[in-house]
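Structural overview
So the chains spell out like this:
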Amino acid sequence: MSAPVAQEELPILEAVINIRNRLTALKKNRGEFIKPADVYQLYQAIVKQVTRLNEVRDDHTTYNNRLDTTLADVFNLLSLFFLTIGRTRECPATYSQIASMRQILVHMDESGVYNESDLAPFHRRLHELRNILQHDMESGKHPPAMTKLLDRQLNECENLLRKLEDSLSVLSPELIPIHERLVNIRRQLVALAAKETAREVDAADAHAAKVEDLKGKSSASGSEESESTEGEAKTPTRESTPKPEGHRERDGKDGKDGLRIKAELKPIQEELRRIDSKRVDGKFLGPGGTVPASQAICSSLLEECFEIVQEIRAQDESKNVASSLRPIYDRLSEIRKELEQLVLTHRWSLRETDLWNYSLSLQEIDKMRVDGKFVDAEGNRPEGQYVLLYLLRRCYGLIYRLLSSSEPVSEELMPIANKLSTVKKCLNEVLKYGGPFSPRDLYPYQLALHQIDSMRKEGKFVGVDGSIPEGQGIVMAHLNECHELLEMLKESMDDAEEEEYADDDDYDFNDPSDDEEDEEEE
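A few points on the structure. (Residues numbered from 1 in each chain as written. Predicted model: local features only at pLDDT ≥ 70, side-chain atom pairs only at ≥ 80, totals over all residues. Heavy atoms only, no water.)

1. Points about the overall build of the protein chain
- When you go through the protein chain residue by residue, the secondary structure sums to 17 helices and six strands.
- A total of 522 residues make up the protein chain; the buried ones form 40% of that total.
- Of the contacts formed within the protein chain by residues at least 6 apart in sequence, a portion of 80% connects residues at least 24 apart.
- Carbon and sulfur atoms form 51% of the exposed surface of the protein chain, whose accessible area is close to 29900 Å². (Helix = DSSP H or I, 4+ residues; strand = E, 2+ residues; numbered from the N terminus. Buried < 20%, exposed > 50% of the residue type's maximum accessible area, 1.4 Å probe, protein only. Contact = heavy atoms within 4.5 Å. Areas by Shrake-Rupley, 256 points an atom, 1.4 Å probe, with all protein chains shown as cover.)

Below is the structure:
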């Protein structure tokens, strides 16, 4: 539980809440592009409050009250705004990425399921974020209050990553291949468990919908049936009761899905048994019969894999999802589906501030866990824990992927950048497969580039409010590449025409020598 807010911090809390409300209102406004001036105004306001807070707090004391959680919300949302306006190389934009990485690393530490290849991307990304922060600290572009906060956040992330790396360093070289294989097997099993649960939930929903539909039909035709069967009513038997329409089809589909999942599960079980058979008296042996260190890590991972196998088999037998976990599963599945869709379409449809709502939902679900597990009203731990944790961590990973893939182009220039990217791909494909071309074939590309060129004023793309949006260099580079590709296509078209004319010159239809030869033959 968070500590109470000190009396001298209450005015700061009130100001921070006001800033958060203003940021939320700005985020909800989809009618116009986000203006950098509005973002910087709110940024300066929150920096002022952080400076006031640093004056009344001790640097060596750790605080955790409502003011700290509200500040975290504000900085997270403000970071998404910096990404939206294309300022990805400035330190405020790194806050949301650092927070997302910390959540993923905490879950990895909790599960113990990771290897060196999993940690390497985080190590590289933290190094990049450290360089951004270091550059801003040296240039003085951002106030010390901001850089100091981000430096502390980065240190926490780096310490957590170092802890994970240290836990892997105790693995003996003989057990590293086994550990890496067990990590991959566990991921396959959890993904398979999630697939099995999704199949059951979809089947249950489809069955419920069919039943409701049949009830509606039977009630609508009840009066007609009562008249036609009056005096001839019979007790319905199992044979005389018709099955719901589509029942057999649904059973057949579920049966095929179940067989497919069992087929995928069988080789994994066999591989786990092979790994288990390498143990002697419960221990993995090294060369010469030696017992390598770090047995507990691999053995516990192996046992956990067997537990997940048993859970998948139990789900297949029971065909049920714990009712107490069903709402959480439904919400996580919905979030994952939406985030996976955004991964595919983020260049055209994503405003980075949209990720704020997903982050809040995941944090609320994460806080429902007790000692790392989801519990029901009685405090019990229903089955399906692995599936929910898999979905939760999958959603965290998707958010981090979307944040790290954000380009340094403002929201206002993103439609132009996307259009140029599409034109460039088309021109590359046309150039790749060759001609022949005509001026008419290239006209659509010329028109598209002319329209984009006409948007510039004095060589720059200007925003609605007269400002210069971020990302001019990237958009201009795309535009120049498109013009170069178009010129290459025009040159290839001219070369083809010259070759055609040269072929025509090889034979002169009006050559008088040919006429003389014809007369001699006559």
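2. Some thoughts on a nonpolar patch on the surface
- A surface patch of nonpolar side chains, amounting to about 230 Å² of accessible area, comprises Val 280, Leu 285 and Val 291.
- Within the secondary structure layout, Leu 285 lies in the loop between strand 2 (283–284) and helix 10 (295–318).
- What makes Leu 285 partly exposed here is its relative accessible area of 38%. (Patch = residues over 30% accessible without salt bridge, like charges linked within 9 Å, V, L, I, M, F, W, Y side chains within 5 Å. Salt bridge = Lys/Arg side-chain N within 4 Å of Asp/Glu carboxyl O.)

3. Here we look at the pattern of salt bridges
- Going through the model one piece at a time under the given rule, you end up with 25 salt bridges.
- Several salt bridges converge on common partners, so that one network encompasses Arg 87, Glu 90, Lys 141 and Glu 470.

4. What to know about the packing of helix 5 (residues 116–139) against helix 6 (residues 144–169)
- Put simply, helix 5 and helix 6 touch, their axes get as near as 10 Å, and they point 160° apart. On the basis of their axis angle, the class for helix 5 and helix 6 is roughly antiparallel. Classified by chirality, the crossing of helix 6 by helix 5 is left-handed. In this structure, helix 5 contributes Glu 116, Leu 119, Phe 122, His 123, Leu 126, Leu 129, Arg 130, Leu 133 and Met 137 to the contact, and helix 6 contributes Thr 147, Leu 150, Asp 151, Leu 154, Asn 155, Cys 157, Glu 158, Leu 161, Leu 164, Glu 165 and Leu 168. (Axes fitted to C-alpha atoms, helices over the stretch in contact; angles between N-to-C directions. Parallel < 35°, antiparallel > 145°, perpendicular 65-115°, else oblique. Left-handed = near helix turned anticlockwise from the far one by under 90°.)

5. Remarks on the packing of aromatic side chains
- According to the stated counting rule, one finds five aromatic pairs in the structure shown.
- Ring centres of Tyr 40 and Tyr 43 lie 6.3 Å apart, and the angle between their planes is 85°; this geometry places the pair in the edge-to-face category. One end of the pair is Tyr 40 and the other is Tyr 43, both in helix 2 (residues 36–56) and three residues apart, which spans about a single turn.
- A residue is classified by how much of its surface remains accessible, and Tyr 40, at 22% relative accessible area, is partly exposed.
- Overall, Tyr 43 belongs to the buried group, its relative accessible area being 1%.
- Taking 5.4 Å as the distance between ring centres and 75° as the angle between the ring planes, the aromatic pair formed by Tyr 43 and Phe 82 counts as edge-to-face. (Phe/Tyr/Trp six-rings, centres within 6.5 Å; stacked < 30°, edge-to-face > 60°.)

6. Overview of helix 4 (residues 94–111)
- The end-to-end C-alpha separation of helix 4 is 26 Å, in line with the 26 Å expected for 18 residues at 1.5 Å each.
- Counting buried residues in helix 4 gives 13 out of 18 residues, a clear majority hidden from the surface.
- Backbone geometry just after helix 4 places Gly 112 at a positive phi near 70°. (Expected span 1.5 Å × (residues − 1).)

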